[in-house]
Amino acid sequence: MTSAERKKRMPVARSPSCSLFATPSFQQAALDRGITRRRFVQAALALPTIIALPACGSDDRKAIKVSRTFFSAREQRFIEAATARLIPGDASDPGALEAGVPFFIDLQLAGPYGRADRWYMEGPWASGTEQQGYQLKETPAQLYRKAIAEVDAYCRKHFNGMDYADLKTSEQEQVLHDLDEDKIQLKDFPGQAFFAILWQNTQEGFLSDPMYGGNRNFAGWKLIGFPGPRYNYVKEITEYGKPYPLPPVGLLGRDGTRIRS
């Protein structure tokens, strides 16, 4: 998926996240570190969606091992394959998989966000405009569960009995393109509605504070040159064009997270 194809949609973050502190030189600093412009734009799309939070002190607690919570094994394979196409990467240039985005989405869907606990969900159910936001009767958790099953069924019908995760990379990308362009009709809602929330949650997982399970090892923040919510930038904020020398920190300090998949 190219950045140009995604610029038309700027999703509003609904799951927990931390702010991205955009210094005047953060874009050029990221590019100077050898980051491709395509990957930079992919990550930077979510910059306006997040609210600043103060940093917390670090401690010596060990990370807690957490297994898959919401997704079934088949659903997990779908999410891993789809997010890997939305933000591709590898060990030397981390993308969605390396940053733990599927784990982040799994945790979000298992909690209040997945249940839409704080959303108005009483209807009426009518087709809204893009500016009106989420208009479906399904909670995010229900949306994912139904949509993944239906997209896999679509793939089995059109690709010789194979689930989405078993398709070639080019075929996986084409399915995502078709969902985004609403060429794949799902039973209870438009395919584009599922793609929109999948893309939104993928960005959130890549750029949120690591305490929520994504952005592992600060992969997203390192990509764009964001140093994290440090308590004080009084000196550095006037040093325009100068790279920030300290490593990223999250709300839980340099470790970043207390949960691991």
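Heads up: these notes are all about the structure in this document. Because the structure is a prediction, the values reported are computed rather than measured.

Regarding the overall build of the protein chain
Looking only at helices and strands, one finds 10 helices and two strands in the protein chain. The burial tally for the protein chain puts 49% of its 261 residues in the buried class. Partitioning the intrachain contacts of the protein chain with sequence separation of at least 6 by distance along the chain shows that 72% fall at a separation of at least 24. Accessible surface, the protein chain: about 13200 Å² in total, of which carbon and sulfur atoms supply 52%.

Describing the packing of helix H4 (residues 73–86) against helix H5 (residues 101–109)
Packing of H4 against H5 leaves a shortest axis separation of 9 Å and a crossing angle of 130°. Taken together, the axes of H4 and H5 lie oblique to each other. Where H4 crosses over H5, the two elements pack in a sense that is right-handed. Only Val-101, Pro-102 and Ile-105 of H5 make contact with H4, whose side of the interface consists of Gln-76, Ile-79, Glu-80 and Thr-83. For the contact of H4 with H5, a count of residues per class yields four nonpolar, two polar and one charged.

Considerations on the pattern of salt bridges
Within the structure shown, the criterion is met by 10 salt bridges. With a closest N to O distance of 3.1 Å, Asp-163 and Arg-74 form a salt bridge. Here Asp-163, found in the loop between helix H7 (140–158) and helix H8 (169–180), pairs with Arg-74, found in helix H4; they are 89 residues apart in sequence, far enough to count as distant. The exposure class assigned to Asp-163 is buried, which follows from its relative accessible area of 8%. Note that Asp-117 is salt-bridged to Arg-115, the shortest N-O span being 3.0 Å. Owing to a relative accessible area of 46%, Asp-117 belongs among the partly exposed residues under this scheme. One continuous salt-bridge network, built from bridges that share partners, spans Arg-74, Arg-156 and Asp-163.

Examining the packing of H4 against H8
Relative to each other, H4 and H8 sit at 85°, their axes nearing to 10 Å. Here H4 is positioned roughly perpendicular relative to H8, judged by the angle of their axes. Of the residues in H8, those touching H4 at Ala-81, Ala-82, Arg-85 and Leu-86 are Thr-169, Gln-172, Glu-173 and Leu-176. Its residues assigned to classes, the contact of H4 with H8 shows four nonpolar, two polar and two charged.

Cut-offs and rules
Residues numbered from 1 in each chain as written. Predicted model: local features only at pLDDT ≥ 70, side-chain atom pairs only at ≥ 80, totals over all residues. Heavy atoms only, no water. Helix = DSSP H or I, 4+ residues; strand = E, 2+ residues; numbered from the N terminus. Buried < 20%, exposed > 50% of the residue type's maximum accessible area, 1.4 Å probe, protein only. Contact = heavy atoms within 4.5 Å. Areas by Shrake-Rupley, 256 points an atom, 1.4 Å probe, with all protein chains shown as cover. Axes fitted to C-alpha atoms, helices over the stretch in contact; angles between N-to-C directions. Parallel < 35°, antiparallel > 145°, perpendicular 65-115°, else oblique. Left-handed = near helix turned anticlockwise from the far one by under 90°. Nonpolar A, V, L, I, M, F, W, Y, C, P; charged D, E, K, R; others polar. Salt bridge = Lys/Arg side-chain N within 4 Å of Asp/Glu carboxyl O.

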